[in-house]
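# Examining the three-dimensional arrangement
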Amino acid sequence: MSAGLSFDGRVVLVTGAGGGLGRAYALAFAERGASVVVNDLGGDSKGHGKSSSAADKVVEEIRAKGGKAVANYDSVEAGEKLVQSALEAFGRIDIVINNAGILRDRSFARISDEDWDIIHRVHLKGSFLVTRAAWNHMKNQKFGRIIMTSSAAGIYGNFGQANYSAAKLGLLGLSNTLAIEGRKYNIHSNTIAPTAGSRLTQAIMPQDLVDAFKPEYVAPLVLWLCHERCQENGGLFEVGAGWIGKLRWERSLGSIVREKNHPMTPEAVQDKWEKICDFDNASKPRTIQESVSILNDVLSQIESEEVSMNPTSYTRSASSGFDPSKYVGQKLPTVVYNYTHLQPILYALGVGMTTKDPDHLKFVFEGSEAFCCLPTFGVIPAQASLWDGGLSSVAGLNSDFTKLLHGEQYLELYKPLPTSGLLTSESTIADILDKGSGALILLDVHTYCGKDLLCYNQFSLFIVGAGGFGGKRTSEKAKVTVNPPNRTPDAVLSDVTTVDQAALYRLSGDWNPLHIDPGFAALGGFQKPILHGLCSFGFAARHVLKHFANNDVTRFKAIKVRFVKPVFPGQTLQTEMWKEGNRIHIQTKVKETGEVAIAGAYVDLTSILDKPSAKDPIKASGLQSDLVFEEIGRRIKEVGNQLVKKVNAIFQWDITKGGETAAQWTIDLKNGSGEVYQGPAQGSADTTFTLSDQDFMEVVLGKINPQKAFFSGKLKVKGNIMLSQKLEMILKDYAKL
C-alpha cells in the first residue's frame with residue numbers, strides 16, 4: 001500500500017461545507033492534518049434563508065477530534081471574505097473546494113430571470129469569485145489545488161435543469177482554463193461530477209439511494225486530486241458509490257464538404273452526414289491546438305485540389321490504386337554500419353550521460369575496464385534503413401517523407417552490443433495501416449554481427465496525409481504499448497537536457513533539420529527546433545537501467561515507447577517508473593509543463609537470477625501448490641490450442657508462504673499452443689492472483705469458496721478480474737479439478 005497522504009501545514013477552504021459532500025470533505029481534510037475553513041451560508045436547497053448553525057456544527061466536529069477549523073458564514077459571492085478568513089486564521093490558502101450550490105429546477109419555458117441568475121451567481125460566479133481571491137496567493141507560494149464541482153446534468157443535460165446544467169458545464173470550461181494558466185505556478189485545477197446524497201439530491205433521490213451514495217465515497221477522490229503528489233491537471237471525473245471514472249472528449253474523423261472554387265452547400269453536408277457522424281476510429285483531442293490542427297491540413301488539401309470529399313483521404317483515396325499488399329513483406333536493401341568506440345561514446349553523451357556521474361564512466365570512456373554500449377544504441381545501426389537506399393527508395397511508395405512522424409519504437413536485445421564492429425541490418429515492411437489522416441508504416445529491422453542476431457527494432461512511422469486508401473487500421477504484427485499501473489510511481493528520475501542536446505544527438509546519425517534549423521522547425525509548426533524522440537527514448541531507458549538494474553547492460557531485454565508530445569532542448573525530462581515483476585512501466589514528462597512526452601512505455605529486464613524459460617522443465621519449489629500446477633499443465637496440454645482460441649489470456653499466480661512470495665506460476669493461454677510453467681509471465685499477465693500456499697490448496701479442494709477468499713482478503717486479484725470466470729472454466733472443464 002502507498003504511504004499515507006498527509007495534508008499537514010495545508011489550509012483548505014471548502015464552500016457549502018455545512019452538510020453532505022462539503023462536510024465530508026472538511027472532515028476528511030482535517031483528519032489528515034489540514035486546517036479547514038468551513039464555509040456555509042446556512043440556507044436551504046433553493047437558496048432561501050441564512051444560519052450559522054450548519055458551519056458551526058462541522059467546526060465543532062473537527063475540533064472535537066483534535067483538528068483545526070474555523071467557520072465562515074458568507075455567501076460565495078463575497079469570495080474575498082472567504083479567503084480572508086483563511087488568511088486571518090491560518091496565514092495562507094492552499095486548496096479551494098468549490099462545492100456550494102442550490103437548485104431552482106423548472107422546465108425551460110417556466111424558468112424566470114431570477115431562477116436563471118441566482119443559479120449562475122451561486123455556482124459559476126461564486127466559484128469564480130472565491131477562486132480569484134485565492135489565485136494570487138497560490139501563485140506567490142507556487143502551489144495551489146482547485147476543485148470545481150460540475151454535474152451529470154451539465155455533462156449530459158437533464159429535463160428541468162437548463163439553468164443548473166448551463167452553470168455546471170460552465171465550471172468545466174473555467175477549470176480547464178485555470179489548469180492551463182496555473183500549470184507553470186504548480187496550480188492544478190480539476191472538475192468532479194459527483195453523485196452523492198446531499199441537501200440537493202434528497203428531493204430527487206429515493207432515501208435508500210441517498211443512503212447508498214454516501215458523500216464519504218466521493219471525498220477520497222477530492223483529497224487525492226488536491227495532494228501535492230497528484231499531477232492530474234485539467235481532468236473531469238464522474239464519481240459515486242465507490243466508483244471513479246475519467247471523461248474525455250471524442251471527435252469523429254469528420255469529412256471535408258468543400259471543394260476549391262466551388263460553393264459549400266447544405267446538400268454537400270447532407271451527402272456527407274453519415275461520415276461526419278461516424279465515430280469509428282474517432283480522435284480524442286485534448287487541447288485547442290490539437291482540435292484545430294486538422295484544419296491546416298484541410299485547407300492545404302482544398303487549395304491543392306487533392307481532396308476526394310473525405311477527410312481521411314487527404315492525399316490518397318481508395319480509388320487511387322494504392323495497394324499496400326504490394327509492399328507488405330518487401331525486404332529493403334541490407335544496410336551496413338561500421339563503427340569504432342567513438343560512436344557509442346558520442347551516443348551516450350547525446351542521451352545525457354556525463355562524467356559528473358561516476359556510474360557513467362563505463363559508457364563514455366573507452367579505457368574503462370567495464371567499457372560498454374548503452375542498450376538503446378541498438379536503434380542507431382537500424383535507423384539507416386529509413387533514409388537513402390532504404391524505405392524512401394521503395395518504388396511506388398510515393399509518400400512525402402518530409403511529413404514523417406516517428407510514432408512508436410520497439411527495441412529488443414538478444415546480446416549486449418559490441419563497442420565497435422561491422423553490423424548489418426535487414427529490413428522488412430511488416431505492415432502498412434490506414435489511419436485516415438495518414439499512413440502508418442511498420443518497419444521491422446533485424447541487426448546482425450556476422451551471423452549472430454544482436455537486436456530487433458520495430459519503427460512505427462506515421463506519414464501525414466498519406467491515408468485514406470481503404471486499408472486496415474490495426475495489425476497483429478505491431479508491438480503494442482501498455483499503460484502503467486494506476487498507482488503512485490515506484491521511482492522518479494529527472495535530467496535536464498542542455499540547449500545543445502539535439503545538436504549533439506544528431507551526430508549519431510539523425511540529420512533531420514527539424515532538430516537544428518529554426519526555419520525548418522517553423523515550417524513544421526514548432527516555435528524552435530525540437531529534441532529527437534529517440535533522444536528522449538535514450539534518457540528514459542537509462543533512467544530505468546540505473547535505478548532498477550544498477551547500469552548492468554546484460555539485464556536489458558526490451559523497450560517499447562509511444563512518442564506523444566515534442567520536447568525542446570533545455571527542458572527537464574522526468575521519468576516515472578512502476579515495477580511489475582521484470583517489467584518496468586515508464587512515462588516521461590516534461591517537468592516544466594507537466595506534458596507527457598513518452599507514454600504507454602515499458603522496459604523488460606531479465607532477472608538477476610536465471611529465471612526458468614517457458615520451455616524449460618518445471619522445477620518444484622517444495623510447495624503443495626506445485627503438484628497442482630504440474631497436474632494442470634499435464635491435463636490441459638492436449639487441448640492447449642483449443643483453449644488459446646477460447647481464452648486468449650495469461651494468468652499469473654503469486655504463491656506466498658510466511659508472507660513472502662515463494663513461487664510464481666503462469667498459465668499462458670495466449671501465446672503458441674498454450675502452456676503452464678513456473679515463473680512470472682513471459683510478458684504482461686492479464687490477471688495476477690496472489691494467495692498463500694495453504695489457502696490455494698483449500699480453494700482447490702473446495703474448502704474455501706473463491707469469492708469468500710477474495711472478499712476476506714485471502715485472495716488478491718490484479719488486472720482483468722472478469723477473466724477469472726474463464727479461469728474457472730479452465731480448471732473445472734479442462735483440468736478437471
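See the structure above.
Quick look at the structure, then. (Residues numbered from 1 in each chain as written. Predicted model: local features only at pLDDT ≥ 70, side-chain atom pairs only at ≥ 80, totals over all residues. Heavy atoms only, no water.)

## Concerning the pairing of strand β4 (residues 95-98)
- The alternating pattern of β4 places Ile95 and Ile97 on one face and Val96 and Asn98 on the opposite face, and all of these are buried.
- Pairing between strand β1 (residues 11-14) and β4: three bridges, direction parallel. Residue pairing across strands places Val12 opposite Ile95, the latter belonging to β4.
- The parallel pair β4 and strand β5 (residues 144-149) is bridged by helix α4 (residues 113-141), and the resulting crossover is right-handed. (Buried < 20%, exposed > 50% of the residue type's maximum accessible area, 1.4 Å probe, protein only. Helix = DSSP H or I, 4+ residues; strand = E, 2+ residues; numbered from the N terminus. Pairing = 2+ DSSP bridges. Right-handed = clockwise from strand over helix to strand, strands pointing away.)

## Here we look at a nonpolar patch on the surface
- Nonpolar side chains collect at one region of the surface, where Phe710, Phe711, Ile721 and Met722 lie side by side and expose about 430 Å² of accessible area between them.
- Along the chain, Ile721 turns up in the loop between β23 (716-719) and α22 (724-734).
- Accessibility expressed as a relative area gives 38% for Ile721, which makes it partly exposed. (Patch = residues over 30% accessible without salt bridge, like charges linked within 9 Å, V, L, I, M, F, W, Y side chains within 5 Å. Areas by Shrake-Rupley, 256 points an atom, 1.4 Å probe, with all protein chains shown as cover. Salt bridge = Lys/Arg side-chain N within 4 Å of Asp/Glu carboxyl O.)

## A closer look at the pattern of salt bridges
- Counting across every chain of the model gives 21 salt bridges.
- A salt bridge links Arg10 to Asp94, with the shortest nitrogen-to-oxygen separation between them at 3.3 Å. Remark: Asp94 occurs in the loop between α3 (79-90) and β4 and Arg10 occurs in the segment before β1; sequence separation between them is 84 residues.
- Salt-bridge contacts for Glu580 lead to Arg487; the nearest nitrogen and oxygen are separated by 2.7 Å. In this pair, Glu580 is assigned in strand β16 (residues 572-580) and Arg487 in the loop between β13 (452-464) and β14 (491-496), connecting sequence segments 93 residues apart.
- Assessed through its relative accessible area of 31%, Arg487 is described here as partly exposed.
- Residues joined in a network through salt bridges with shared partners are Arg10, Arg92, Asp94 and Glu228.

## What to know about the pairing of β5
- Counted residue by residue, β5 has six buried out of six residues, so it is predominantly covered.
- Here β5 shows no split at all, with Gly144, Ile146 and Met148 on one side and Arg145, Ile147 and Thr149 on the other all buried.
- With four bridges connecting them, β4 and β5 associate as parallel partners. Within the sheet, the bridge partner assigned to Val96 lies in β5 and is Ile146.

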